[in-house]
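These are the residues of each chain, in order.
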Amino acid sequence: SQKIEQNSEALNIQEGKTATLTCNYTNYSPAYLQWYRQDPGRGPVFLLLIRENEKEKRKERLKVTFDTTLKQSLFHITASQPADSATYLCALATYNQGGKLIFGQGTELSVKP
Amino acid sequence: EAGVAQSPRYKIIEKRQSVAFWCNPISGHATLYWYQQILGQGPKLLIQFQNNGVVDDSQLPKDRFSAERLKGVDSTLKIQPAKLEDSAVYLCASSPRRDRVNNEQFFGPGTRLTVL
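All of these numbers come straight from a predicted model, not from anything done at the bench. (Residues numbered from 1 in each chain as written. Chains lettered and ligands numbered in written order. Predicted model: local features only at pLDDT ≥ 70, side-chain atom pairs only at ≥ 80, totals over all residues. Heavy atoms only, no water.)

Caption draft 1: Here's a closer look at the state of the cysteines. The full count for this structure, using the stated rule, is two disulfides over all chains. Bridging cysteine 23 of chain A to cysteine 90 of chain A, the disulfide has an S-S length of 2.0 Å. Its torsion about the S-S bond being 65°, the disulfide of cysteine 23 of chain A and cysteine 90 of chain A is classed as right-handed. With cysteine 23 of chain A in strand S3 (residues 19-26) and cysteine 90 of chain A in strand S9 (residues 86-94), this residue pair connects regions lying 67 residues apart in the sequence. Each sulfur in the disulfide pair cysteine 23 of chain B and cysteine 92 of chain B lies 1.9 Å from the other. Across the S-S bond of cysteine 23 of chain B and cysteine 92 of chain B the torsion is about -70°, and the bridge reads as left-handed. Placement of the pair is cysteine 23 of chain B in strand S3 (residues 19-24) and cysteine 92 of chain B in strand S9 (residues 88-95), with a sequence separation of 69 residues. (Disulfide = S-S within 2.5 Å. Helix = DSSP H or I, 4+ residues; strand = E, 2+ residues; numbered from the N terminus.)

Caption draft 2: A look at the side chain of aspartate 56 of chain B. Along the chain, aspartate 56 of chain B falls in strand S6 (residues 53-56). Taking the relative accessible area as the measure of exposure, aspartate 56 of chain B reaches 14% and is therefore buried. Reaching out from aspartate 56 of chain B, the side chain makes a polar contact with the side chain of serine 58 of chain B at a distance of 2.8 Å. Among residues more than four places away in sequence, those in contact with aspartate 56 of chain B are Lys100 of chain A together with Leu45, Leu46, Ile47 and Gln48 of chain B. (Buried < 20%, exposed > 50% of the residue type's maximum accessible area, 1.4 Å probe, protein only. Polar contact = N/O pair within 3.5 Å; in protein donor to acceptor, adjacent residues only side chain to side chain. Contact = heavy atoms within 4.5 Å.)

Caption draft 3: Summary view of the layout of surface pockets. What the largest pocket holds in volume is close to 670 Å³. Lining the largest pocket are 35 residues, and of these Gln38 and Pro40 of chain A together with Gln37, Leu39 and Gly40 of chain B lie nearest its centre. Listing elements by their share of the lining of the largest pocket, those giving two or more residues are S9 and strand S11 (107-112) of chain A together with S9 and strand S11 (111-115) of chain B. Lining the second largest pocket are 16 residues, with Ile102 and Phe103 of chain A together with Pro43, Lys44 and Gln59 of chain B positioned closest to its centre. Of all the elements in the fold, those that place two or more residues in the lining of the second largest pocket are strand S10 (102-103) of chain A together with strand S4 (31-37) and strand S5 (44-50) of chain B. Its residues assigned to classes, the lining of the second largest pocket comprises seven nonpolar, seven polar and two charged. (1 Å grid on protein atoms, 1.4 Å probe; cavity = no way out; pocket = protein on both sides within 12 Å on 5 of 7 lines; lining within 4 Å. Points joined across faces, edges and corners; volume = space filled by probe spheres on them. Nonpolar A, V, L, I, M, F, W, Y, C, P; charged D, E, K, R; others polar.)

Caption draft 4: Local environment of the pairing of strand S4 (residues 30-38) of chain A. Residues and elements named next belong to chain A. Burial of S4 is extensive: nine of the nine residues sit out of reach of the surface. The pairing of S4 with S9 spans eight bridges and is antiparallel. Looking across to S9, one finds that tyrosine 36 is bridged to leucine 89. Taken together, the six bridges between S4 and strand S5 (residues 45-51) define a ladder with antiparallel strand orientation. In the sheet register, tyrosine 32 faces S5, and the bridge partner there is arginine 51. (Pairing = 2+ DSSP bridges.)

Pasting the structure below:
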């Protein structure tokens, strides 16, 4: 069956460290993968998109990698800050589904000062 | 640029009652999505519109849920009758075009539904 899974446990790290979140998928052939941030009581906000033929994407303190052999994406936040505390969602889209996104369950990140 | 607007923000109803949610997407966005997000889970797509046509409603429980997007702009999602398991946040999202590779979606704040 098709699955997309993220770290189910909350991730607690110290300010200034790098946070690494994992997204694994099975039985999908994604065209691209997106990462979103969701704060309590709000809708998700788009952060980054990476295509199947890209290995890595960066935006300021954010970095995403995509390994189609391992069927895994890693999301890194460097020099983390308490303001980075939120739930992070990965979502993938396949070629034959018209841009429909399938979301993982999200990983809650808490950055302590 | 104004974001995606949704109303109401909160709704509490009894089971077997009906409820409707409204969404106004970002101006000019052709594609509109309704998602259901149960606590602790990621959003699950219920229905996707391209202008005023349905692209995907494969996960919409059609015996109780309905949605429309008249004139290809704002949209309503209705549940009738509601069940306890419908308690969730209902998110509306929009994006400029369905066939763009960079299909970033813009989400509204959601409507939190509690069914008692």
